[in-house]
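Results of the structural survey
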Amino acid sequence: MSAPSAAAVHADPSARILTATSAVLRGKLGALVFFVVVGLVSACLWMGYPVELMSQFRRLPMLAVMGMVACVIGLPLSLVDLWRYLSGPRPTLVIDAAGVHDHLSRDSVGLIRWEEIEGFNVRTLNGWLKVGNNDCVLVYLRAPQATLERLRPALPPRVTRRMERSFSHGHTTIPLPALLGIPVTSMTSLLRDEMGKRTGRS
């Protein structure tokens, strides 16, 4: 029996419930199809390219090998990523009178109360180092250690260890991944607006 959705279990009529759009699934399927196509084209080039033309187009064998290597690495990763997305609960962010309920990934922290939140900001990673979607909303905490102690009983050990390492280095934020199919800047603005409406703080 599947778990009830966030919309079904949430009683607050003023709650804002954001869920991942179909664009997320299309993106994951697109990545899978891309690696399949790259693998097929590379294999066809390697096995069926006329030998007499190899001397004229010397880079094609190298490109074929690079394509097959990319397929061997990328295809399993894409399959695992798609399976994890389809087998897990749908990424959801709920904003209500209590605070922000983080259900965006397997490493989500659950409820972050309004009184624990100092503010929100955007973190983006641009340039050639960016792999996948690294954008997120940073939730700034007033008392990080106190929030961690409250959350600790309900958190998986790996999430607890990650937060402990982050706080020990002086960080005071919890990152919310931008997996909702909306720009991370729009997501941050929405959270700021909701905090202003519900707490009087901006």
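Cut-offs and rules
- Residues numbered from 1 in each chain as written.
- Predicted model: local features only at pLDDT ≥ 70, side-chain atom pairs only at ≥ 80, totals over all residues.
- Heavy atoms only, no water.
- Core = buried A, V, L, I, M, F, W, Y, C linked by side-chain atoms within 4.5 Å.
- Buried < 20%, exposed > 50% of the residue type's maximum accessible area, 1.4 Å probe, protein only.
- Helix = DSSP H or I, 4+ residues; strand = E, 2+ residues; numbered from the N terminus.
- Contact = heavy atoms within 4.5 Å.
- Pairing = 2+ DSSP bridges.
- Axes fitted to C-alpha atoms, helices over the stretch in contact; angles between N-to-C directions.
- Patch = residues over 30% accessible without salt bridge, like charges linked within 9 Å, V, L, I, M, F, W, Y side chains within 5 Å.
- Areas by Shrake-Rupley, 256 points an atom, 1.4 Å probe, with all protein chains shown as cover.
- Salt bridge = Lys/Arg side-chain N within 4 Å of Asp/Glu carboxyl O.

Examining the nonpolar core
In this structure, Phe120, Met163 and Leu176 are the most contacted members of the largest nonpolar core, which totals 27 residues. Secondary-structure elements contributing two or more residues to this core are β2 (92-95), β5 (117-123), β6 (136-141), α4 (144-151), α5 (157-168), β7 (173-177) and α6 (184-199). Broken down by element, the residue count for this core peaks at 5 residues, all from α6. Apart from the residues lying within four places of it in its own chain, the contact partners of Met163 are Val109, Leu148, Leu151, Leu155 and Ile174.

Focus on the environment of Asn121
Secondary-structure assignment places Asn121 in strand β5. When its relative accessible area of 32% is taken as the criterion, Asn121 is described as partly exposed. Measuring from C-alpha to C-alpha, the distance between Asn121 and Val137 comes to 5.8 Å, with 16 residues separating the pair along the chain. Each residue touching Asn121, except ones within four places of it in the same chain, is listed here: Cys136, Val137, Leu138, Tyr140, Thr188 and Arg192.

Some words on the sheet that holds β5
The 3 strands lie next to each other as β5-β6-β7, forming an open sheet whose pairing is antiparallel. Strands with a single pairing partner mark the edges of an open sheet, and in this sheet they are β5 and β7. Across the sheet, the mean angle separating the axes of adjacent strands is 25° when strand polarity is ignored. When β6 meets β7, the two strands line up antiparallel, connected through 5 bridges. Across the sheet, residue Leu138 finds its bridge partner in β7, namely Pro175. Sitting on the sheet, α6 touches β5, β6 and β7, and the angle it makes with β5 is about 165°.

A word on the sheet that holds strand β3 (residues 99-103)
The 4 strands are arranged β1-β2-β3-β4 in an open sheet whose pairing can be described as antiparallel. In this open sheet, the two edge strands, each paired with only one partner strand, are β1 (16-19) and β4 (110-113). Across the sheet, the mean angle separating the axes of adjacent strands is 15° when strand polarity is ignored. Lying over the sheet, α6 contacts β1, β2 and β3, oriented at roughly 25° with respect to β2.

What about a nonpolar patch on the surface?
A surface patch of nonpolar side chains, amounting to about 740 Å² of accessible area, comprises Trp46, Met47, Val65, Val69, Val72, Ile73 and Leu77. Contributions of two or more residues to the nonpolar patch are made by α2 (22-48) and α3 (59-87). For the nonpolar patch, the element with the highest residue contribution is α3, accounting for 5 residues. When you line up the elements, Val65 lands in helix α3. Note on Val65: relative accessible area 36%, which makes it partly exposed.

Purely geometric numbers; function is a separate question.
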